[in-house]
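# Survey of secondary and tertiary structure
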Amino acid sequence: MATICVCPGSYDPVTNGHLDVIERASTLFDEVVVAVLYNPAKTGTFPVARRIELIQQALGSRPRVRVESFAGRLLVDVCQDLGAGAIVKGLRGSTDFAFELPMALMNRHLTGVETVFLPGNPAYEHVSSSLIKEVHALGGDITGLVPDVVLAALREALPQRD
Ligand code: PNS
């Protein structure tokens, strides 16, 4: 039977750190579903449809990886519907772990689904969607930290200040 995992996130927008985790997840599982979900702690910048488009463009054609929106749903319900046996998340450091552990335990409590943590690529340890947006909007150079399509989308959505 095919092994399926879910890589969940807000992806507002996708970064090279996210892509690294998605690519590595695809070496461990037969199918990867990149799930764009709602995080109540965050206000969105890009509409969900645009986030999906950017992830798809950044990933290119990958037959075993698909991107879908599940806004407004519990992650564990999404995993059950998809027949996914695991959630895959990247960890940039101990702060991420402190944030992710309660969610992993809650998800396992709810349905038994396990979370697999992958150590993030140290090259992207300082990269988050929020910091990317802030640095770009204030004129900082984020080249190499996000895919080119995201850089172009940020220039359109968040013009840089002089
Ligand atoms: O990229 P993010 O914002 O860190 O991702 C967090 C996300 C979207 C994966 C998390 O907020 C989530 O799982 N949301 C879906 C709703 C849900 O299942 N909440 C209970 C989590 S224990």
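Residues numbered from 1 in each chain as written. Predicted model: local features only at pLDDT ≥ 70, side-chain atom pairs only at ≥ 80, totals over all residues. Heavy atoms only, no water.

## Quick notes on the sheet that holds strand β3 (residues 65–69)
Keep this limit in mind: One requirement defines pairing of two strands: DSSP has to find at least two bridges between them. Here a strand is any run of E in DSSP of at least two residues, a helix any run of H or I of at least four, and the numbering for each starts at the N terminus. Note on geometry: axes are C-alpha line fits, over the in-contact stretch for helices, and angles between N-to-C directions span 0 to 180 degrees.
One open sheet holds the five strands; their spatial order is β3-β2-β1-β4-β5, and the pairing between them is parallel. Because the sheet does not close on itself, it has two edges, and the strands there are β3 and β5 (114–119). Averaged over all pairs of adjacent strands, the angle between their axes in this sheet comes to 30°, without regard to strand direction. Relative to β5, strand β4 (residues 86–91) runs parallel, the two sharing six bridges.

## Description of the layout of surface pockets
What counts is decided by this rule: Using protein atoms alone on a 1 Å grid, points that fit a 1.4 Å probe yet trap it form a cavity, whereas open point sets bounded by protein on both sides within 12 Å along at least five of seven lines form a pocket; residues with an atom within 4 Å of a point count as lining. Grid points are joined across faces, edges and corners, and a volume is the space filled by probe spheres set on the points. Under the grouping applied here, Gly and all other residues not named as nonpolar or charged are polar, the nonpolar ones being Ala, Val, Leu, Ile, Met, Phe, Trp, Tyr, Cys and Pro and the charged ones Asp, Glu, Lys and Arg.
In this structure, the largest pocket occupies an estimated 1300 Å³ of space. Forming the walls of the largest pocket are 50 residues, and the residues nearest its centre are Pro8, Gly9, Ser10, Lys89 and Glu100. Looking at the lining of the largest pocket, the elements that each hand over two or more residues are β1 (4–9), α1 (16–28), α2 (48–59), β4, α4 (94–111), β5 and α5 (129–137). Of the residues forming the lining of the largest pocket, the biggest block, nine residues, is contributed by α4. In terms of residue class, the lining of the largest pocket is made up of 23 nonpolar, 17 polar and ten charged.

## With respect to the UniProt feature "site: Transition state stabilizer" (unreviewed entry) in the protein chain
To be explicit about the condition: UniProt positions are given in the numbering used here, feature names are shortened, and annotations may be inferred rather than shown by experiment. Note on classification: 1.4 Å probe, protein chains only; a residue is buried when its accessible area is under 20% of the maximum for its type, exposed when over 50%, partly exposed between these limits. Contacts are assigned to residue pairs with any non-hydrogen atoms lying within 4.5 Å of each other.
UniProt records the feature "site: Transition state stabilizer" (unreviewed entry) for His18 in the present numbering. Locating His18 in the fold gives a position in helix α1. A relative accessible area of 24% means that His18 is categorised as partly exposed. Apart from residues lying up to four places away in sequence, His18 is in contact with Tyr11, Pro13 and Ser129.

## Describing the nonpolar core
How we decide: The set of buried Ala, Val, Leu, Ile, Met, Phe, Trp, Tyr and Cys residues whose side-chain atoms join them within 4.5 Å is what this entry labels a nonpolar core.
Judged by nonpolar contacts, the single largest core of 32 residues is most densely connected at Tyr11, Ile22, Val32, Val34, Ile55 and Val88. Contributing elements (two or more residues each) for this core: β1, α1, β2 (31–36), α2, β3, β4 and α6 (148–157). In this structure, Ile55 is in contact with Tyr11, Val14, Val34, Val36 and Val67, ignoring residues within four places of it in sequence. Residues Val6, Val33, Ala35 and Ala84 belong to the second largest nonpolar core, which totals 14 residues.

## Points about the packing of aromatic side chains
Rule in force here: Think of it this way: a Phe, Tyr or Trp ring, Trp meaning its six-membered ring, pairs with another when their centres are within 6.5 Å, and the plane angle makes it stacked under 30 degrees, edge-to-face over 60, tilted otherwise.
In this structure the tally under the stated criterion is one aromatic pair. Centre to centre, the rings of Phe97 and Phe117 are 6.0 Å apart; their planes meet at 75°, and the pair counts as edge-to-face. Within this pair, whereas Phe97 is found in helix α4, its partner Phe117 is found in strand β5, the two being separated by 20 residues in sequence. The class for Phe97 is partly exposed, based on a relative accessible area of 36%.

## Topic: the site of the ligand
Worth spelling out the cut-off: Distances are taken per atom, and a residue is near a molecule or strand as soon as one of its heavy atoms is within 4 Å of it. In the analysis that follows, any N or O atom pair within 3.5 Å is treated as a polar contact, provided that within protein one partner can donate a hydrogen and the other can accept it, and provided that, for residues neighboring in sequence, both atoms belong to side chains. Per-residue and other accessible areas follow the Shrake-Rupley method at a 1.4 Å probe size, with only the shown protein chains counted as cover for residues. Cavity and pocket membership follows a simple rule, namely that a molecule belongs there if more than half of its atoms are within 2 Å of the grid points.
With respect to spatial proximity, 14 residues lie near the ligand, and among them Ser10, Tyr38, Asn39, Lys42 and Leu75 are the closest. Contact distances for the ligand include 2.5 Å between an oxygen atom and a side-chain N or O atom of Ser10. Take Leu75: an N or O atom from its main chain is 2.8 Å from an oxygen atom of the ligand. Contact with the protein chains covers 82% of the free accessible surface of the ligand, which is 540 Å². Of the pockets mapped on this structure, the ligand occupies the largest pocket. Of all the secondary-structure elements, those providing two or more residues to the shell around the ligand are β1 and α4. If you tally residues by element for the shell around the ligand, the top one is α4, at three residues. Taken together, the residues that form the shell around the ligand break down as seven nonpolar, four polar and three charged.

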